[in-house]
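Residue-level listing of the chains:
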Amino acid sequence: MTSILLTSDEEQLINQFILLPIVRQVLERDKQMIKECCLSFYDVYEEIFDQAIRAVSIDIRHTKQLIFEKKIRYKKNGILNYEIYVRGWQHHIHYHHIIAKQWVQKRLEKYLLN
């Protein structure tokens, strides 16, 4: 039995669906760590992190909506291990932690530097 490959749009959507919540967790954790550092201008940093968290949350909401519209189903088998069902075909997706870390870092740069 052969499987049908995911389109690049589907692959990108699945990557976002799996990894964007990790981006939000990192931002929330880092915001808390900055708060505990007793910085002089904490309010400025807090606003930067709040804006980034809001932007990530909007992207997560949009991604979930697209996943629902495209009728993509998933089953989580571990932290970075998923079974994805697209167009009636099952795909196993497992992210190596270094690859996931690089993707998350690029997205953090996008949210914090824009």
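Our subject is the structure that appears above.
Just so it is clear, the structure is predicted and the values come from calculations on it, not from any experiment.

Criteria and cut-off values
- Residues numbered from 1 in each chain as written.
- Predicted model: local features only at pLDDT ≥ 70, side-chain atom pairs only at ≥ 80, totals over all residues.
- Heavy atoms only, no water.
- Salt bridge = Lys/Arg side-chain N within 4 Å of Asp/Glu carboxyl O.
- Helix = DSSP H or I, 4+ residues; strand = E, 2+ residues; numbered from the N terminus.
- Buried < 20%, exposed > 50% of the residue type's maximum accessible area, 1.4 Å probe, protein only.
- Contact = heavy atoms within 4.5 Å.
- Pairing = 2+ DSSP bridges.
- Axes fitted to C-alpha atoms, helices over the stretch in contact; angles between N-to-C directions.
- Expected span 1.5 Å × (residues − 1).
- Bend = angle between axes of the 7 residues up to and from the residue.
- Polar contact = N/O pair within 3.5 Å; in protein donor to acceptor, adjacent residues only side chain to side chain.
- Patch = residues over 30% accessible without salt bridge, like charges linked within 9 Å, V, L, I, M, F, W, Y side chains within 5 Å.
- Areas by Shrake-Rupley, 256 points an atom, 1.4 Å probe, with all protein chains shown as cover.

**Student:** How would you summarise the pattern of salt bridges if you had to cite specific residues and measurements?
**Tutor:** The tally for this structure, following the rule as stated, stands at five salt bridges. Notably, a salt bridge pairs Asp-50 with Lys-31, separated by 2.6 Å at the nearest N-O pair. Taken together, the positions of Asp-50 in helix H2 (residues 42-69) and Lys-31 in helix H1 (residues 8-36) put the pair 19 residues apart, joining distant regions of the chain. With its nearest N and O atoms 3.4 Å apart, the salt bridge here joins Glu-47 to Arg-54.

**Student:** Help me get a handle on the side chain of Arg-107, residues and values and all.
**Tutor:** With respect to the helices and strands, the residue Arg-107 is situated in helix H3 (residues 97-113). Of the residues examined, Arg-107 reaches a relative accessible area of 13% and is grouped as buried. Leave out the neighbours within four places in its chain, and Arg-107 touches Gln-16, Leu-20, Val-23 and Asp-59.

**Student:** Help me get a handle on the sheet that holds strand E3 (residues 89-94), residues and values and all.
**Tutor:** Strands sit in the order E1-E2-E3 across an open sheet of three strands; the sheet is antiparallel. Because the sheet does not close on itself, it has two edges, and the strands there are strand E1 (73-78) and E3. The sheet shows a mean angle of 20 degrees between the axes of neighbouring strands, direction not considered. By the bridge criterion, five bridges tie E1 to strand E2 (residues 81-86) in an arrangement that is antiparallel.

**Student:** Tell me about H1, residues and numbers included.
**Tutor:** Because each turn of an α-helix spans 3.6 residues, side chains separated by three or four positions in sequence point in the same direction. The terminal C-alpha atoms of H1 lie 41 Å apart, and with 29 residues this matches the ideal 42 Å at 1.5 Å per residue to within 8%. A bend of about 35 degrees at Leu-19 is the largest found in H1, and the proline Pro-21 appears one to four places after it.

**Student:** If you had to explain the environment of Glu-10 to someone new, which residues and values would you point to?
**Tutor:** By the secondary structure assignment, Glu-10 is in helix H1. The exposure class of Glu-10 is buried, given its relative accessible area of 9%. Apart from the residues within four sequence positions on either side, Glu-10 is in contact with Val-86 and Arg-87. Separated by 3.0 Å, the side chain of Glu-10 and the backbone nitrogen of Thr-7 make a polar contact.

**Student:** Quick one: what's the story with a nonpolar patch on the surface, residue by residue and with numbers?
**Tutor:** There is a patch of nonpolar side chains on the surface, built from Leu-39, Phe-41, Val-44, Tyr-45, Ile-48, Leu-112 and Leu-113 and spanning about 680 Å² of accessible area. Going through the elements one at a time, H2 and H3 are the ones with two or more residues in the nonpolar patch. Top element by residues in the nonpolar patch is H2. It accounts for three residues. Assignment of secondary structure puts Leu-39 in the loop between H1 and H2. Leu-39 sits in the partly exposed class, given a relative accessible area of 36%.

**Student:** Just give me the short version of H2, but keep the residues and values in it.
**Tutor:** For H2, built from 28 residues, the straight-helix expectation of 40 Å at 1.5 Å per residue is met to within 8% by its first-to-last C-alpha distance of 40 Å. Among the residues of H2, those classed as buried are Tyr-42, Phe-49, Asp-50, Ala-52, Ile-53, Val-56, Ser-57, Ile-60, Thr-63 and Ile-67. Elements that come into contact with the buried residues of H2 comprise H1 and H3. One or two steps after H2, the chain reaches Lys-71, where phi turns positive at roughly 60 degrees.

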